[in-house]
Amino acid sequence: MNDAPAPDGRVLVRPREDADLPGCVRLLAEVHERDGYPLIWPEQPVDWLVGPARLAAWVALLDGQVVGHVGLSRCGPGDVAPDLLREREAGDRERDAGDRDRGPRPVVLGRLATDPGARGKGVGTSLVTRAVEYARAHGLRPVLDVVDSDRSAVALYERLGWLRLGSVEQVWGAGRAVTVHCYAAPA
């Protein structure tokens, strides 16, 4: 996509640059204050956004301001959705023994945040769509975990046709039990 500024009122999605990180942290703080995401505020928000396993990340801009962020990262310890996808695909291959293709490798979509003031303008949809396009172009299939209490994110993924792989209980932080729903992007 062209990195030129979009006309007023249109969302521009482009790869995240280091210069975007202060705007991303501001955005993340607003989302955390309003929606409780991330559930546990990171001690180092920039490190949390960048992450050691990040493959790619994008920002959404509206009138030149960062109004959204999303990233793709390699699967790591504690990521439940990749295992659930592998189990589902193994079952599908057993039912169709003639198909030896393992399919795209899973990659984790995460760190999705949209400015509360810009919601309803397609920011989340634009970011998720860009990440999925990138993943597919690189032979990857996005998966994600989302906390049950994040109803707007659940609604977004389901509206975009993501497949719910299952739900699990996890313990985060100081013994805080949460229900996490696991999704895979449409095949």
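Residues numbered from 1 in each chain as written. Predicted model: local features only at pLDDT ≥ 70, side-chain atom pairs only at ≥ 80, totals over all residues. Heavy atoms only, no water.

Q: Honestly, the nonpolar core in this entry has me stumped. Any pointers?
A: Generally speaking, a soluble globular protein has its nonpolar side chains buried in company with each other. Counting residues in hydrophobic clusters, the biggest one holds 29 residues, and the most contacted among them are W58, L109, L127, V128, Y157 and W162. Where this core is concerned, the elements lending two or more residues are β2 (54-62), β3 (65-73), β4 (105-114), α4 (123-137), β5 (140-147) and α5 (151-159). Looking at this core, the element that brings in the most residues is α4, giving six residues. In this structure L109 touches V70, G71, L72, V128, A131, P142, V143, L144, Y157 and W162, once residues within four positions along its chain are discounted. In this structure, L12, L27, V59 and L61 belong to the second largest nonpolar core, which totals 11 residues. (Core = buried A, V, L, I, M, F, W, Y, C linked by side-chain atoms within 4.5 Å. Buried < 20%, exposed > 50% of the residue type's maximum accessible area, 1.4 Å probe, protein only. Helix = DSSP H or I, 4+ residues; strand = E, 2+ residues; numbered from the N terminus. Contact = heavy atoms within 4.5 Å.)

Q: Help me understand the packing of aromatic side chains in this model?
A: Within a pair of aromatic rings, the relevant descriptors are the distance that separates the centres and the angle that separates the planes. Applying the stated criterion to the full structure yields four aromatic pairs. Seen from their ring centres, Y37 and W48 are 6.0 Å apart, and the 65° between their planes marks the pair as edge-to-face. Of the two residues, Y37 sits in the loop between α1 (21-35) and α2 (45-50) while W48 sits in helix α2, which places them 11 residues apart along the sequence. The class for W48 is buried, based on a relative accessible area of 17%. Between Y157 and W162 the ring centres are 5.5 Å apart and the planes differ by 50°, which places this aromatic pair in the tilted class. (Phe/Tyr/Trp six-rings, centres within 6.5 Å; stacked < 30°, edge-to-face > 60°.)

Q: Explanation requested: the side chain of T114 in the structure shown.
A: Structurally, the position occupied by T114 is in strand β4. Judged by relative accessible area, which is 15%, T114 ranks as buried. Residues within four places of T114 in sequence aside, it is in contact with L27, V31, V67, G68, R119, V123 and G124.

Q: Just to check I follow, could you spell out the layout of surface pockets for this structure?
A: The volume enclosed by the largest pocket comes to roughly 1,200 Å³. In terms of lining, the largest pocket is formed by 50 residues, of which the most central are Y37, G110, R111, L112 and D145. When contributions to the lining of the largest pocket are tallied by element, the ones reaching two or more residues are α1, α3 (80-95), β4, α4, β5, α5, β6 (163-172) and β7 (176-184). Top element by residues in the lining of the largest pocket is β4. It accounts for seven residues. Here the lining of the largest pocket is composed, by residue class, of 25 nonpolar, 15 polar and 10 charged. (1 Å grid on protein atoms, 1.4 Å probe; cavity = no way out; pocket = protein on both sides within 12 Å on 5 of 7 lines; lining within 4 Å. Points joined across faces, edges and corners; volume = space filled by probe spheres on them. Nonpolar A, V, L, I, M, F, W, Y, C, P; charged D, E, K, R; others polar.)

Q: Is there a simple way to explain the confidence of the model for the chain in this structure?
A: Predicted coordinates in areas of low pLDDT are best not read in detail. Here the chain shows a mean pLDDT of 90. Residues at 70 or above account for 89%. For the chain, the element scoring lowest by mean pLDDT is α3, at 82; strand β1 (residues 12-15) scores highest, at 98. In the predicted structure, residues 1-5 sits below a pLDDT of 50 and forms nine contacts with residues beyond four places in sequence or in another chain. (pLDDT = per-residue confidence, 0-100.)

Q: Honestly, the pairing of β7 in this entry has me stumped. Any pointers?
A: Where β5 meets β7, five bridges bridge the pair, whose relative direction is antiparallel. Across the sheet, residue V146 finds its bridge partner in β7, namely H181. Here β6 runs beside β7; their pairing, made up of nine bridges, is antiparallel. Each bridged residue has a counterpart across the sheet, and for V171 the counterpart in β7 is A177. Two successive antiparallel strands, β6 and β7, enclose a turn made up of three residues, where G173 displays a positive phi of approximately 60°. (Pairing = 2+ DSSP bridges.)

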